[in-house]
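Chain and residue survey
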Amino acid sequence: MLKKLKQRRLRSKLLELAKSGDLQLWPKVRDELTVEDLTAPLDGHASALELCIEQGQAKLLGEILHRFPELNESQLSSGQPIVAAVLASEQALLLLSAMLSQGLGPDTEVAGKTLVELALQHPPEQAMLLINRLAQHGASLDTPKLLIHAIRSGHQPLVKFLADSGAPLVVEGVDGLDPELVAFAQRAIDDKKIRDMWA
């Protein structure tokens, strides 16, 4: 009876914490929590971890992952990897930054796609921010399909950003693409090579 009451009180605090992001509550529950407490459904459907991501609680997510680093590689109750939920959220940049700072590998793959490839599914401006953050943490941009994807999007600043970041362009992959944008990408790559020679 006492154990159930204590568990109910913990779940109540955890729900409040996940919704509010009030980090003053974290020390009160941190040492009592288990991974299961964070991933079990609360309030009918979502887990504390899911609520944290939905609410964009990046600082809290960082604290949770600091305490339980194994959650970086885990899945939500829906079966969706945590990092995929983070990238799908409105606060993707802040939440991804929290995960990277707590040990998420920048070249992690989700369903056969790297995080950089998943970032390219965002609108170009947000994609550049996410890719830049991943690159700051050591993500590899050395795959031709990144620049091909950017050229297909028709977004010249994204093409330039990836070319300047070191993404290669393979001639065999450019068939059917806008020739002007392909030429622009090649010039940007050539300019980067020249700058690198003088660096």
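For the structure, see preceding data.
The present account deals with the structure reproduced in this document.

Within the fold, N72 resides in the loop between α5 (58-67) and α6 (82-88). A relative accessible area of 4% means that N72 is categorised as buried. Side-chain polar atoms of N72 contact the backbone oxygen of Q102, separated by 3.0 Å.

Our focus in this paragraph is the environment of I82. Along the chain, I82 falls in helix α6. With a relative accessible area of 0%, I82 lands in the buried category. Between the C-alpha atoms of I82 and E50, which are 32 residues apart in sequence, the distance is 8.3 Å. Beyond its immediate chain neighbours, meaning those up to four positions away, I82 contacts L49, I53, L71, S74, Q75, L76 and M99.

Moving on: the pattern of salt bridges. Overall, the coordinates contain five salt bridges when judged by the stated rule. Between R30 and D31 there is a salt bridge, with its nearest N and O atoms 3.7 Å apart. A salt bridge links D164 to R195; its shortest N-O distance comes to 3.3 Å. With a gap of 31 residues between them, D164 in helix α11 (residues 156-164) and R195 in helix α12 (residues 179-198) connect regions that are remote in the sequence. In this structure D164 comes out as partly exposed when scored by relative accessible area, which is 28%. The class for R195 is partly exposed, based on a relative accessible area of 41%.

Close contact between helix α7 (residues 92-101) and helix α9 (residues 124-136) brings their axes to 10 Å; oriented N to C, the two are set at 10°. In terms of axis orientation, α7 runs roughly parallel to α9. Across the interface between the two elements, A92, L93, L96, S97 and L100 from α7 touch Q126, L129, L130, R133 and L134 from α9. In terms of residue class, the contact of α7 with α9 is built from seven nonpolar, two polar and one charged.

Thresholds, definitions, all that
- Residues numbered from 1 in each chain as written.
- Predicted model: local features only at pLDDT ≥ 70, side-chain atom pairs only at ≥ 80, totals over all residues.
- Heavy atoms only, no water.
- Helix = DSSP H or I, 4+ residues; strand = E, 2+ residues; numbered from the N terminus.
- Buried < 20%, exposed > 50% of the residue type's maximum accessible area, 1.4 Å probe, protein only.
- Polar contact = N/O pair within 3.5 Å; in protein donor to acceptor, adjacent residues only side chain to side chain.
- Contact = heavy atoms within 4.5 Å.
- Salt bridge = Lys/Arg side-chain N within 4 Å of Asp/Glu carboxyl O.
- Axes fitted to C-alpha atoms, helices over the stretch in contact; angles between N-to-C directions.
- Parallel < 35°, antiparallel > 145°, perpendicular 65-115°, else oblique.
- Nonpolar A, V, L, I, M, F, W, Y, C, P; charged D, E, K, R; others polar.

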